[in-house]
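# Structure at a glance
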Amino acid sequence: MEQDIVLDENDDLIFEDGDFKIDASLTQDVGIILRLNQGELKSDPLLGASIIRLVNSSVDDDELQTRIKLHLQRDGKDYEALKKYITLNIKKS
């Protein structure tokens, strides 16, 4: 199980006993990857599925799933193991 520094619902650091809180981080990591826009992460400028930008776009479900799969795989995540936990509720106008 992956562990890392844990963030709260506003992506702020959580402190516990005067230090960063460390806990399971897989779902947090996936959420960050899906929200990141390409170019925002200095260590890997190509990582970022840009899901938020797609909310009102004409992207279809297949393209969206492909984008998610590629970006999770780029970070070493197993998309097939994670896909049942990823729920996308994108409402198109």
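Residues numbered from 1 in each chain as written. Predicted model: local features only at pLDDT ≥ 70, side-chain atom pairs only at ≥ 80, totals over all residues. Heavy atoms only, no water.

On to the pattern of salt bridges. This model, assessed by the stated rule, comprises six salt bridges. We note a salt bridge from D29 to K77, for which the minimum N-O separation is 3.9 Å. Taken as a pair, D29 in helix α1 (residues 26-35) and K77 in the loop between α2 (61-74) and α3 (79-82) lie far apart in primary sequence, 48 residues in all. Each member of the pair, D29 as well as K77, carries the same accessibility label: buried. A salt bridge links D44 to R74; the nearest nitrogen and oxygen atoms lie 2.9 Å apart. (Salt bridge = Lys/Arg side-chain N within 4 Å of Asp/Glu carboxyl O. Helix = DSSP H or I, 4+ residues; strand = E, 2+ residues; numbered from the N terminus. Buried < 20%, exposed > 50% of the residue type's maximum accessible area, 1.4 Å probe, protein only.)

V30, L34, I51, I68, L72 and I86 are the most contacted members of the largest nonpolar core, which has 14 residues in total. For this core, the secondary-structure elements that each account for two or more residues are α1, α2 and α3. Residue contacts for I86: discarding those within four places in its chain leaves V30, L34, I68 and L72. (Core = buried A, V, L, I, M, F, W, Y, C linked by side-chain atoms within 4.5 Å. Contact = heavy atoms within 4.5 Å.)

Two residues of an α-helix separated by three or four positions point the same way, owing to the 3.6 residues in each turn. With 14 residues, α2 extends 20 Å between its outermost C-alpha atoms, agreeing within 8% with the 20 Å of an ideal straight helix rising 1.5 Å per residue. Buried residues along α2 sit in contact with α1 and α3. Once α2 ends, the next one or two residues include G76, with phi positive near 85°. (Expected span 1.5 Å × (residues − 1).)

The subject of this paragraph is unusual backbone geometry. Although it is not a glycine, D17 sits at a positive phi angle of roughly 55°. Residue position: D17 is located in the loop between β2 (15-16) and β3 (19-20). Phi is positive for S50, close to 55°, though the residue is something other than glycine. Tracing the backbone through its elements, the reader meets S50 in the loop between α1 and α2.

A contiguous nonpolar patch, built from L13, F15, F20 and I22 and spanning about 390 Å² of accessible area, is present on the exposed surface. Along the chain, L13 turns up in the loop between β1 (3-5) and β2. (Patch = residues over 30% accessible without salt bridge, like charges linked within 9 Å, V, L, I, M, F, W, Y side chains within 5 Å. Areas by Shrake-Rupley, 256 points an atom, 1.4 Å probe, with all protein chains shown as cover.)

Here the focus is the environment of E80. Here E80 shows up in helix α3. Accessibility expressed as a relative area gives 45% for E80, which makes it partly exposed. Spatially, the C-alpha atom of E80 lies 8.4 Å from that of K69, the residues being eleven residues apart in sequence.

Okay, the environment of D23 next. Position of D23 relative to the elements: it lies in strand β4 (residues 22-24). On the basis of relative accessible area, D23 is assigned to the partly exposed category, the value being 34%. As for D23 and L7, which are separated by 16 residues in sequence, their C-alpha atoms are 9.8 Å apart. Leave out the neighbours within four places in its chain, and D23 touches E2, Q3, D4 and V6.

On their own, these measurements won't tell you what the molecule is for.
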